[in-house]
Amino acid sequence: METLPHTSIVFMQTRIYLVEDNPFLLEWLTQALEDLTHARVIGSAATEAEASDWLTVHQDSWDIAVVDLWLAQGNGLQVIKCVRKTPTQKIIILTNYVTKEMCKSCLTSGADAFFDKSTEIEEFTSYVIHAALQNAHGLNRMHTEETSRSEPGAAAETAQNSSLAPPQESAK
């Protein structure tokens, strides 16, 4: 697959913060997101307090926060509730705790998307790619209309053709 020459430069502007307590999954997510989206993972937290503090203090330092619901201490729903995000920032839930009620609670509390980490990794990755493209387009006006239309297709193709299966994690 051919990538547009400036795609990596544009994506590097997207800063992702991960809230995940499983070190193995955190490492895999960091590598997968950086490889597939060319975004930069700028940090991570394993607890509600760490995540809430960092996201609040560094309010203008992140573009996308990927949040798990079950954390070493506390939960991701409380993280979402305490974060004040700008219209360009996205909070994405990636969890194994998938119920209609929890999805609704997360979305009404401020999350932009909700994905099951066991079955929706491709959809999650495509969403992150799209959000990164939107962010990059908003920050970098050198995009032409034609380039903006062609990049999402290329990014989606990358996501579809890549090995997106996360490592097996032990049940909590």
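Residues numbered from 1 in each chain as written. Predicted model: local features only at pLDDT ≥ 70, side-chain atom pairs only at ≥ 80, totals over all residues. Heavy atoms only, no water.

> So, the pairing of strand β5 (residues 113–116): which residues are in play, and what are the values?
Taking every second residue as pointing to the same face, both faces of β5 are buried, with Ala113 and Phe115 on one and Phe114 and Asp116 on the other. Bridge count between strand β4 (residues 90–95) and β5: four bridges; the pairing is parallel. Opposite Ile92, over in β5, you have Ala113 as the bridge partner. Read from β4 through helix α5 (residues 100–109) to β5, the crossover connection turns out right-handed. (Buried < 20%, exposed > 50% of the residue type's maximum accessible area, 1.4 Å probe, protein only. Helix = DSSP H or I, 4+ residues; strand = E, 2+ residues; numbered from the N terminus. Pairing = 2+ DSSP bridges. Right-handed = clockwise from strand over helix to strand, strands pointing away.)

> Could you give me a rundown of the pattern of salt bridges, with the residues and numbers involved?
Considering all chains together, one arrives at four salt bridges under this definition. With its nearest N and O atoms 3.2 Å apart, the salt bridge here joins Lys117 to Asp68. Placement of the pair is Lys117 in the loop between β5 and α6 (121–139) and Asp68 in the loop between β3 (64–67) and α4 (76–82), with a sequence separation of 49 residues. Like Asp68, Lys117 is buried. Shared partners join several salt bridges into a network, and the residues in it are Glu20, Asp68 and Lys117. (Salt bridge = Lys/Arg side-chain N within 4 Å of Asp/Glu carboxyl O.)

> Describe helix α3 (residues 48–57), with residues and values.
Of the residues making up α3, those classed as buried are Ala51, Ser52 and Leu55. Mapping the buried residues of α3 onto a view down its axis gives an arc of 95 degrees, with all of them on the same face. Of the surrounding elements, those touching the buried residues of α3 are β1 (15–19), β2 (40–45), β3 and α4. (Arc of directions from axis to C-beta. Contact = heavy atoms within 4.5 Å.)

> Can you tell me about the side chain of Asp63, naming the residues and giving the values?
In this structure, Asp63 sits in the loop between α3 and β3. Among the residues examined, Asp63 registers a relative accessible area of 5% and is labelled buried. A polar contact of 2.7 Å, which involves the side chain of Asp63, links it to the backbone nitrogen of Arg15. Apart from residues no more than four positions distant in its own chain, Asp63 is found in contact with Gln13, Thr14, Arg15, Thr88, Gln89, Lys90 and Asn135. (Polar contact = N/O pair within 3.5 Å; in protein donor to acceptor, adjacent residues only side chain to side chain.)

> Which residues make up the sheet that holds β3, and what values go with them?
Spatially, five strands are ordered β2-β1-β3-β4-β5 in an open sheet, and the strand pairing comes out parallel. The open sheet is flanked by β2 and β5, the only strands paired with a single partner. Strand-to-strand twist across the sheet, computed as the mean angle between neighbouring axes with direction ignored, equals 20 degrees. Where β1 meets β2, five bridges bridge the pair, whose relative direction is parallel. Among the inter-strand pairings, Val19 is bridged to a residue of β2, identified as Ala45. Contacts from helix α2 (residues 23–37) reach β1, β2 and β4 within the one sheet, and its direction differs from that of β1 by about 160 degrees. Of the strands in this sheet, β1, β2 and β3 are in contact with α3, which crosses β1 at around 160 degrees. (Axes fitted to C-alpha atoms, helices over the stretch in contact; angles between N-to-C directions.)

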